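# Results of the structural survey
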Amino acid sequence: MPASSPWKKPSTSQDGEPVSTHSHEPHEPRSAASADQAGEAHAPTDSAGQAWAGRDLKPNPFSGDTGLADAALLEAMTQVAQAPLDPAAHQQVVRALSGTRLYAPIVPMALDQEVGENGLMADNSSEMAMVRLQAEDGRECTPGFSGIPPLSAWHSDARPVPIESERLVLGAIEAESQLVVLDPGAESSFLLRRPAMFAFVQSQPWTPSWADAEVAGRLRAIAESFPWLARIGVSPGSNSVHLGGPELGITLGVESEVAPEEVRRFQEAVAGDEDLVAKIDSLAIRLVEV
């Protein structure tokens, strides 16, 4: 049966004359509530049948967007790619990210599949879903793109959805994603780690742990509890710390062989310091003889 239309034609008699669809009972005054309900019935609605009345419609913040990367952000990411061990370059990326439009990649995800008559798997239904990646250490990583070109180069089927940088990072935190990677696969790719993510959404200053004087000071204080430890040093966890790997490298200088249990005790002492945990994303420890 065809769906009925909200716009009905008047009924007609056998001789073609219009027939009233109202009762011939004496007319009674309509109540205010009835009038209001009638007004609501004819109020303009959207495609889902929801009334437009009472909505606070705001202009699209991305109208006129060219789809290209923010120049300041792209320059900062290029600089850190050229000098990955410069903490100031890392800080500049985070500063340039503030208030910037990014693109979240959305791809179709099959919800229901079955084998068709041709023996091939077919999707019965699907929905669009935001992409999540997995870092080398197994942690979930949220991708974000500075512009449409790097997103299309990374995944040709992904749909670019514009989003404020703060919203993308906050969404990653709420989804328990500890990493955000900007322009994955590009030469100027940059990894935003957990401490930088939290500082960014709170508009707080941030310094990479390997260049943070407070981190170095607290590690030296912990080292004093280990007599076998002659010297301690900190450095970037890898030469490509802007892309992955451990964030912080800790070098323990020893004068003789140290039992693995002692090194484990040192690791537990660092993990037990809440301030260090908040400032350090990940670390690698190595022992050297002095």
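Look a little higher up for the structure.
Heads up: these notes are all about the structure in this document. Quick caveat: nothing in here was measured; it's all calculated off a predicted structure. (Residues numbered from 1 in each chain as written. Predicted model: local features only at pLDDT ≥ 70, side-chain atom pairs only at ≥ 80, totals over all residues. Heavy atoms only, no water.)

Once that is clear, we can look at the overall build of the chain. The helix and strand tally for the chain stands at nine helices and ten strands. The buried share of the chain, taken over its 290 residues, is 32%. In the chain, the proportion of contacts linking residues at least 24 apart, taken out of those at least 6 apart, comes to 67%. Carbon and sulfur atoms make up 51% of the accessible area of the chain, which totals about 18400 Å². (Helix = DSSP H or I, 4+ residues; strand = E, 2+ residues; numbered from the N terminus. Buried < 20%, exposed > 50% of the residue type's maximum accessible area, 1.4 Å probe, protein only. Contact = heavy atoms within 4.5 Å. Areas by Shrake-Rupley, 256 points an atom, 1.4 Å probe, with all protein chains shown as cover.)

Moving on, we get to the pairing of strand β7 (residues 190–193). Burial of the side chains of β7 extends over both faces: F190 and L192 are buried on one face and L191 and R193 on the other. Sheet analysis places strand β6 (residues 179–182) next to β7, joined by four bridges and oriented antiparallel. For V181, the partnering residue across the bridge sits in β7 and is L191. (Pairing = 2+ DSSP bridges.)

Attention now goes to the packing of aromatic side chains. Using the criterion set out here, one finds three aromatic pairs in the structure. Their ring planes at 45° and their centres at 5.1 Å tell us that F145 and W154 sit as a pair that is tilted. With a relative accessible area of 0%, F145 lands in the buried category. Each member of the aromatic cluster is reached from another via a ring pair, and the members are F226, W228 and F266. (Phe/Tyr/Trp six-rings, centres within 6.5 Å; stacked < 30°, edge-to-face > 60°.)

Within the element layout of this structure, R193 appears in strand β7. On the accessibility criterion, R193 (6% relative accessible area) is buried. Polar contacts involving the side chain of R193 include one to the main-chain carbonyl oxygen of G245, which spans 2.9 Å. Of the polar contacts made by the side chain of R193, one reaches the side chain of D281; its length is 3.1 Å. Look past the residues within four positions of R193 in its chain and what remains in contact with it is Q178, L179, V241, G244, G245, P246, E247, D281 and S282. (Polar contact = N/O pair within 3.5 Å; in protein donor to acceptor, adjacent residues only side chain to side chain.)

Before going further, it helps to spend a moment on empty space enclosed by the protein. Over the atoms rolls a probe the size of a water molecule, and its path tells where empty space is left. Under the criterion given, the structure shown has one cavity of 30 Å³ or more. For the largest cavity, the calculated volume is near 60 Å³. Lining of the largest cavity is provided by H90, F190, L191, R193, W206, P208, W210, V241, H242 and E247. At three residues, the largest contribution of residues to the lining of the largest cavity is made by β7. Class assignment for the residues of the lining of the largest cavity results in six nonpolar, two polar and two charged. (1 Å grid on protein atoms, 1.4 Å probe; cavity = no way out; pocket = protein on both sides within 12 Å on 5 of 7 lines; lining within 4 Å. Points joined across faces, edges and corners; volume = space filled by probe spheres on them. Nonpolar A, V, L, I, M, F, W, Y, C, P; charged D, E, K, R; others polar.)

With that out of the way, let us pick up the side chain of H90. Positionally, H90 belongs in helix α3 (residues 87–97). There is a polar contact of 2.7 Å between the side chain of H90 and the backbone oxygen of P84. Every residue in contact with H90, bar those within four places of it in the chain, is listed here: V80, P84, F190, W206, P208, W210, V241 and H242.

If you look at the biggest cluster of nonpolar residues, it comprises 25 residues, and the most contacted ones within it are V93, L182 and L192. Within the residue set of this core, elements represented by two or more residues are α2 (71–82), α3, β1 (101–115), α5 (165–174), β6, β7 and α6 (194–201). With five residues, α3 is the largest single contributor of residues to this core. In contact with L182, other than residues within four places in its own chain, are M77, V93, L97, L102, G144, S189 and F190. (Core = buried A, V, L, I, M, F, W, Y, C linked by side-chain atoms within 4.5 Å.)

Further remarks concern helix α7 (residues 213–223). Each turn of an α-helix holds 3.6 residues, which means side chains three or four residues apart point in the same direction. Residues V215, A216, L219, I222 and A223 constitute the buried set of α7. Looking straight down α7, one finds that the buried residues subtend no more than 120° of arc, so they occupy a single side. Tucked inside the fold, the buried residues of α7 contact β8 (229–236), β9 (248–254), α8 (260–271) and α9 (274–279). Its side-chain oxygen 2.8 Å from the backbone nitrogen of E214, D212 forms the N-cap of α7. (Arc of directions from axis to C-beta.)

Moving on to the environment of G67. Structurally, the position occupied by G67 is in the loop between α1 (32–41) and α2. When the C-alpha atoms of G67 and I148 are compared, they prove to be 5.3 Å apart, with 81 residues separating the residues in sequence. With residues near it in sequence (within four places) discarded, G67 still touches R101, Y103, G147, I148 and P149.

So, about the pattern of salt bridges. Under the criterion given, the structure shown has eleven salt bridges. Residue R193 is joined to D281 by a salt bridge in which the shortest nitrogen-to-oxygen separation is 3.1 Å. Of this pair, R193 sits in strand β7 while D281 sits in the loop between α9 and β10 (283–289), and the two are 88 residues apart along the sequence. Residue D212 pairs with K279 through a salt bridge whose shortest N-O separation is 3.2 Å. Of the two residues, D212 is situated in the loop between α6 and α7 and K279 in helix α9; the sequence distance between them amounts to 67 residues. Overlapping salt bridges bring together D137, R139, R193 and D281 as one network. (Salt bridge = Lys/Arg side-chain N within 4 Å of Asp/Glu carboxyl O.)

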